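Spelled out, the chains give:
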Amino acid sequence: MENKILEAKDLKSLDEVRVEIFGKKGLLTEQFAKLKDLPNEEKKDFAKNLNIQKATLNKLFEHKKEELYLKHLEESLKAEAVDVSMFSHLQSAGALHPVQQTMDKIIDYFVSLNFEVQEGPLIEDDFHNFQALNLPVYHPARDMQDTFYLENGLVMRTHTSPVQIRYMQKSQPPFRMICPGSVFRRDFDITHTPMFHQVEGLVVDKSGKISFANLKYILEDFLKYMFGDVEVRFRPSFFPFTEPSTEVDISCIFCEGRGCRVCSHTGWLEVLGSGMVDANVFEAVGYRDVGGYAFGIGVERFAMLIHKIPDLRSLFEGDIRLLEQFR
Ligand code: PHE
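### Things to note about the site of the ligand
Here is step 1 of the chain: As a matter of local geometry, the ligand sits amid 14 residues, with H159, S161, R185, Q198 and E200 nearest to it.
Here is step 2 of the chain: Relative to its unbound accessible area of 320 Å², the ligand is 92% covered by the protein chains.
Here is step 3 of the chain: Judged by the proximity of its atoms to the pocket grid, the ligand belongs to the largest pocket.
Here is step 4 of the chain: When contributions to the shell around the ligand are tallied by element, the ones reaching two or more residues are strand 5 (195-206), strand 8 (268-277) and strand 9 (290-298).
Here is step 5 of the chain: The greatest single-element share of the shell around the ligand, amounting to three residues, is contributed by strand 9.
Here is step 6 of the chain: Its residues placed into classes, the shell around the ligand shows four nonpolar, eight polar and two charged.

### Re the packing of aromatic side chains
Here is step 1 of the chain: Summed over all chains, the structure comprises 14 aromatic pairs.
Here is step 2 of the chain: The interplanar angle of 75° and the centroid separation of 4.7 Å between the aromatic rings of Y167 and F175 together place this pair among those described as edge-to-face. The same class applies to Y167 and to F175, which are both buried.
Here is step 3 of the chain: The side chain of K105 reaches across the aromatic face of Y225, ending 5.3 Å from its centre.
Here is step 4 of the chain: Geometry around F188 places R313 over its ring, the cationic atom sitting 5.2 Å from the centre.

### Re the layout of surface pockets
Here is step 1 of the chain: Of the volumes computed, that of the largest pocket is approximately 940 Å³.
Here is step 2 of the chain: Forming the walls of the largest pocket are 40 residues, and the residues nearest its centre are R185, F196, Q198, E270 and G298.
Here is step 3 of the chain: Only strand 5, strand 6 (232-239), strand 7 (242-251), strand 8, strand 9 and helix 10 (299-307) provide two or more residues apiece to the lining of the largest pocket.
Here is step 4 of the chain: By residue class, the composition of the lining of the largest pocket is 16 nonpolar, 15 polar and nine charged.
Here is step 5 of the chain: Estimated volume of the second largest pocket: approximately 320 Å³.
Here is step 6 of the chain: Lining the second largest pocket, in full, are I190, T191, F254, R261, V262, L269, R301, M304, L305, K308, I309 and P310.
Here is step 7 of the chain: A total of three residues in the lining of the second largest pocket trace back to one element, the largest contributor, which is helix 10.
Here is step 8 of the chain: Partitioning the lining of the second largest pocket into residue classes produces eight nonpolar, one polar and three charged.

### Regarding the pairing of strand 5
Here is step 1 of the chain: Of all the 12 residues making up strand 5, 10 are buried; the element is thus mostly covered by neighbouring parts of the structure.
Here is step 2 of the chain: When strand 4 (residues 175-184) meets strand 5, the two strands line up antiparallel, connected through 10 bridges. The partner of F184 across the bridge, within strand 5, is M195.
Here is step 3 of the chain: Relative to strand 9, strand 5 runs antiparallel, the two sharing nine bridges. Each bridged residue has a counterpart across the sheet, and for L202 the counterpart in strand 9 is A294.

### Regarding the side chain of T246
Here is step 1 of the chain: Along the polypeptide, T246 turns up in strand 7.
Here is step 2 of the chain: Using a relative accessible area of 3% as the deciding quantity, one classes T246 as buried.
Here is step 3 of the chain: A distance of 3.1 Å separates a polar side-chain atom of T246 from the backbone oxygen of R235.
Here is step 4 of the chain: Residues contacting T246, with those up to four places away along its chain left out, are F212, L215, F234, R235, S237, F239, L272, G273, S274 and G275.

### So, the pattern of salt bridges
Here is step 1 of the chain: Under the defined criterion, the tally for this structure stands at 15 salt bridges.
Here is step 2 of the chain: The partner of D125 in a salt bridge is R166, and the shortest N-O contact between them spans 3.9 Å. Of the two residues, D125 sits in the loop between strand 2 (123-124) and helix 6 (126-129) while R166 sits in helix 7 (residues 162-170), which places them 41 residues apart along the sequence.
Here is step 3 of the chain: Classification of D125 as partly exposed rests on a relative accessible area of 26%.
Here is step 4 of the chain: Here R321 ties to D319 by a salt bridge, and the two come within 2.7 Å at their closest N and O atoms.
Here is step 5 of the chain: Taking relative accessible area as the criterion, D319 reaches 25% and is therefore assigned partly exposed.
Here is step 6 of the chain: One salt-bridge network, in which partners are shared between bridges, spans R233, R235, E247, D249 and E270.

Rules of the game
- Residues numbered from 1 in each chain as written.
- Predicted model: local features only at pLDDT ≥ 70, side-chain atom pairs only at ≥ 80, totals over all residues.
- Heavy atoms only, no water.
- Near = heavy atom within 4 Å.
- Areas by Shrake-Rupley, 256 points an atom, 1.4 Å probe, with all protein chains shown as cover.
- 1 Å grid on protein atoms, 1.4 Å probe; cavity = no way out; pocket = protein on both sides within 12 Å on 5 of 7 lines; lining within 4 Å.
- Sits in = over half its atoms within 2 Å of the grid points.
- Helix = DSSP H or I, 4+ residues; strand = E, 2+ residues; numbered from the N terminus.
- Nonpolar A, V, L, I, M, F, W, Y, C, P; charged D, E, K, R; others polar.
- Phe/Tyr/Trp six-rings, centres within 6.5 Å; stacked < 30°, edge-to-face > 60°.
- Buried < 20%, exposed > 50% of the residue type's maximum accessible area, 1.4 Å probe, protein only.
- Lys NZ or Arg CZ within 6 Å of the ring centre and 35° of its normal.
- Points joined across faces, edges and corners; volume = space filled by probe spheres on them.
- Pairing = 2+ DSSP bridges.
- Polar contact = N/O pair within 3.5 Å; in protein donor to acceptor, adjacent residues only side chain to side chain.
- Contact = heavy atoms within 4.5 Å.
- Salt bridge = Lys/Arg side-chain N within 4 Å of Asp/Glu carboxyl O.

If you want it as structure tokens, here you go:
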């Protein structure tokens with residue numbers, strides 16, 4: 001009987017052994033049944049031995065049970081163990097927002113041409129956002145931008161151009177820099193949101209070293225890099241901080257210039273503003289005998305065109321069904 005207990009391999013077979021030994025028809029019970037047929041003088045010794053045997057078997061049984069239970073526990077813990085370092089196939093990876101992706105692509109182009117990347121504050125003073133950019137107080141050109149004014153006279157910057165001023169105040173030409181970042185205007189329709197992004201560009205060198213041809217070359221090359229084989233057109237325009245100023249169009253990427261709803265049947269899409277830096281801007285930062293050009297790119301506008309997004313506002317609704325398409 002001892003051996004049966006000792007040889008049990010798991011809790012289940014141990015339980016079978018239990019029934020076999022201690023059960024109603026078990027081996028031990030059979031022994032006790034013999035008691036009643038024995039002569040009285042033998043009964044006492046027989047019962048005593050049997051009880052000792054029973055106690056030994058019980059002890060052995062409990063001991064074995066404990067041993068098998070621990071073994072079982074260890075095995076099942078091993079089997080159920082979770083590997084926290086393992087990837088689940090259901091896990092979906094995050095991705096950059098389409099506006100950020102577009103911004104990164106723009107930045108990559110200019111960084112490859114050795115432009116330095118600069119940042120500036122989102123809340124600006126009137127001097128940096130307007131005055132130094134040749135937009136004096138009460139000048140009607142301020143109406144070109146619907147500004148969020150703060151109570152203390154500061155403004156949410158309406159463009160990234162104030163970073164031109166901040167950069168020039170702390171450095172000396174020659175340099176080429178870009179400034180990516182968010183800007184704010186009181187606008188809201190299918191092509192405008194109150195917060196959007198621009199990438200500003202500024203190149204300055206000694207007078208006579210930078211010409212309009214340089215501006216034209218770089219913007220044409222940049223637009224072909226962004227949109228592929230498009231035609232580029234420079235149109236005279238006005239910005240207070242550039243003179244001459246030009247708005248830049250590409251041939252419509254939806255109809256290849258034939259005319260469609262997106263390009264208002266003109267065959268052209270306006271994509272950025274630029275020009276030669278106005279002398280008054282250089283004066284505001286104390287620069288003499290220099291020349292340069294500047295440009296401002298609307299990142300959302302680029303993202304909309306590249307991805308054919310019909311309503312710009314949808315980019316900022318955080319709807320996962322839209323964003324998932326840009327993984
Ligand atoms: N700051 C202008 C805007 O926000 C864009 C621009 C930048 C134009 C630099 C010319 C030169 O509309």
